[in-house]
Number of protein chains: 2
Amino acid sequence: MSAGEQQRGVGIQAILDRRSVRDFTPEPVREAELEQLVRAGMAAPTAKNMQPWAFVVVTGREMLDRLAEGLPYGKMLGKAPAAIVVCTRPELANNGSLELAVVDATCAAENILLAAHALGLGSVWVASYPYEERMAHVGGVLGIPGEVIPLCVLPVGRPAAVKPPIDKYKSERIHRERW
Amino acid sequence: MSAGEQQRGVGIQAILDRRSVRDFTPEPVREAELEQLVRAGMAAPTAKNMQPWAFVVVTGREMLDRLAEGLPYGKMLGKAPAAIVVCTRPELANNGSLELAVVDATCAAENILLAAHALGLGSVWVASYPYEERMAHVGGVLGIPGEVIPLCVLPVGRPAAVKPPIDKYKSERIHRERW
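Note that this is a predicted model, so its numbers are computed, not measured.

**Section: empty space enclosed by the protein**
- What the rule picks out here adds up to 1 cavity of 30 Å³ or more.
- Looking at the largest cavity, the residues that line it are A:G11, A:A14, A:I15, A:L114, A:A118, B:G11, B:A14, B:I15, B:L114 and B:A118.
- Those elements that provide at least two residues to the lining of the largest cavity are α1 (3–17) and α4 (98–118) of chain A together with α1 (3–17) and α4 (98–118) of chain B.
- Here the lining of the largest cavity is composed, by residue class, of 8 nonpolar, 2 polar and no charged.

**Quick look at the relation of the copies chain A and chain B**
- Turning chain A through 180° and shifting it by 0.0 Å along the axis lays it on chain B, with an RMSD of 0.0 Å. Such a turn and shift between the copies fits a two-fold axis. For chain A, the residue whose C-alpha comes nearest the rotation axis is A:G11, separated from it by 2.1 Å.
- Same-surface contact between copies: 100% of interface residues of chain A are shared with the interface of chain B.

**As for the packing of helix α3 (residues 61–69) of chain B against helix α5 (residues 132–142) of chain B**
Residue and element names in this part refer to chain B.
- Contact geometry for α3 and α5: axes closest at 9 Å, N-to-C directions at 160°. On the basis of the axis angle, α3 is roughly antiparallel to α5. The two elements α3 and α5 cross, and the hand of that crossing is right-handed. Facing M63, R66, L67 and E69 of α3, the residues of α5 in contact are H137, V138, V141 and L142.
- Along the lines of polarity and charge, the residues of the contact of α3 with α5 split into 5 nonpolar, 1 polar and 2 charged.

**Regarding the interface of chain A and chain B**
- If you look at the interface, chain A gives 76 residues, while chain B gives 76 residues.
- Between chain A and chain B the total buried area reaches about 6,600 Å² when both faces are included, carbon and sulfur atoms providing 60% of it.
- Here chain A is connected to chain B by 4 salt bridges.
- In this structure, the salt-bridge partner of B:R176 is A:E31, at a minimum N-O distance of 2.7 Å.
- Counting every contact that joins chain A to chain B gives 36 residue pairs in polar contact (both at pLDDT 80 or more).
- At the level of secondary structure, the elements contributing two or more residues to the side of chain A that touches chain B comprise α1, α2 (31–42), β1 (53–58), α4, α5 (132–142) and β6 (174–176) of chain A.
- Considering every element that reaches the side of chain A that touches chain B, the biggest residue donor is α4(A), with 13 residues.
- Considering only residue class, the side of chain A that touches chain B consists of 43 nonpolar, 17 polar and 16 charged.
- Both β6(A) and strand β1 (residues 53–58) of chain B contribute to a ladder of 3 bridges, which runs parallel. The residue of β1(B) that forms the bridge with A:H175 is B:V56.

**Focus on the pattern of salt bridges**
- Evaluation of the coordinates by the stated rule reveals 18 salt bridges over all chains.
- Between B:R158 and B:E27 there is a salt bridge whose closest N-O contact spans 3.2 Å. On the criterion of sequence distance, the pair formed by B:R158 in the loop between β5 (149–157) and β6 (174–176) and B:E27 in the loop between α1 and α2 (31–42) is long-range, its members being 131 residues apart.
- Through salt bridges with shared partners, a single network forms among A:E27, A:R30, A:E33 and A:R158.

**Describing the pairing of β5(B)**
All names here are of chain B.
- Extensive coverage of β5 is indicated by the burial of 9 of its 9 residues.
- Two strands pair when backbone bridges link them, and strand β2 (residues 82–88) and β5 are joined in this way by 7 bridges, in the antiparallel orientation. Bridged to V86 within β5 is C152.
- Strand direction decides the pairing type here: strand β3 (residues 122–123) and β5, joined by 2 bridges, are antiparallel. Considered in β5, the bridge of G122 is made with G157.
- The pairing of strand β4 (residues 126–127) with β5 spans 2 bridges and is classified as antiparallel. Each residue of the ladder has a partner; that of V126, found in β5, is V153.

Conventions adopted
- Residues numbered from 1 in each chain as written.
- Chains lettered and ligands numbered in written order.
- Predicted model: local features only at pLDDT ≥ 70, side-chain atom pairs only at ≥ 80, totals over all residues.
- Heavy atoms only, no water.
- 1 Å grid on protein atoms, 1.4 Å probe; cavity = no way out; pocket = protein on both sides within 12 Å on 5 of 7 lines; lining within 4 Å.
- Points joined across faces, edges and corners; volume = space filled by probe spheres on them.
- Helix = DSSP H or I, 4+ residues; strand = E, 2+ residues; numbered from the N terminus.
- Nonpolar A, V, L, I, M, F, W, Y, C, P; charged D, E, K, R; others polar.
- Least-squares fit on C-alpha atoms with pLDDT ≥ 70 in both.
- Contact = heavy atoms within 4.5 Å.
- Axes fitted to C-alpha atoms, helices over the stretch in contact; angles between N-to-C directions.
- Parallel < 35°, antiparallel > 145°, perpendicular 65-115°, else oblique.
- Left-handed = near helix turned anticlockwise from the far one by under 90°.
- Buried area = accessible area lost by both parts, 1.4 Å probe.
- Salt bridge = Lys/Arg side-chain N within 4 Å of Asp/Glu carboxyl O.
- Polar contact = N/O pair within 3.5 Å; in protein donor to acceptor, adjacent residues only side chain to side chain.
- Pairing = 2+ DSSP bridges.
- Buried < 20%, exposed > 50% of the residue type's maximum accessible area, 1.4 Å probe, protein only.

Structure follows, in structure tokens:
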């Protein structure tokens, strides 16, 4: 196995080892790390390469606390040192499609979750879309324009504990050649 | 930098370096590689951990050619040695939600695209959803039940050429603290 092949094997290991992280140390996330995360998001594929996304990077304590207030599964934002809100803009997507805009931004968000793990940080998908109330809350707190959809809030920080990987492989979900 | 940190850095590099690959060598994809790809897909996060996905792994020449016929941007399937069709099942998703089912399976598909790159393979997102005709075509060829949505077809093979990374970073898509 060449050095390149060994390195590539690590890439897949980062995918297999990622866990949702909800407990963070108080240590701040560095600006360079936040930029790396957003950069990873923007490396995702999009339909017709339209890149219909936008990102709101939040590190202010008050803003993080306000975000937490209206997200039933987002209480950990009250202790996270940072968050990245992944947004999508259907008017920028291929054919102006809401469905494609959501798919494109979802790929970006997944990239950010994986990149956080790869950098020794942790994160978790806190859903905003498709819940009208949560989207209104996140949009209101952050001043997001009405035509922009806040897809999810990704709290970011250093994991308070190392969690072992979970194997979610289910062979019965795999079909061969046809269903 | 420790060996662990160096390895993690490679994880993010695999995200940044991934490209859509549409030209493949005729070399078959090994069974162990196909399993690794599906395993990476199933490592994705899902709302309430519902894992509402299913995967159809296709390596038969005739099936791949038939898939290509009904997908306007899927002609490369006619030369790909394999494909993974990522499906989602709204009835298995949290709250039976179509939107969450699509988001969950999109994360799995993005994981597979990244894992392919990490293994030295290549792939590209060929959209089936949200196009009624394409979903009907893929579903018909593969015998997929009506309640299951074929989200996308991911041709897989060894890249015919190495493509340099593209930097899609756009600082104007990043907002700080608020929009």
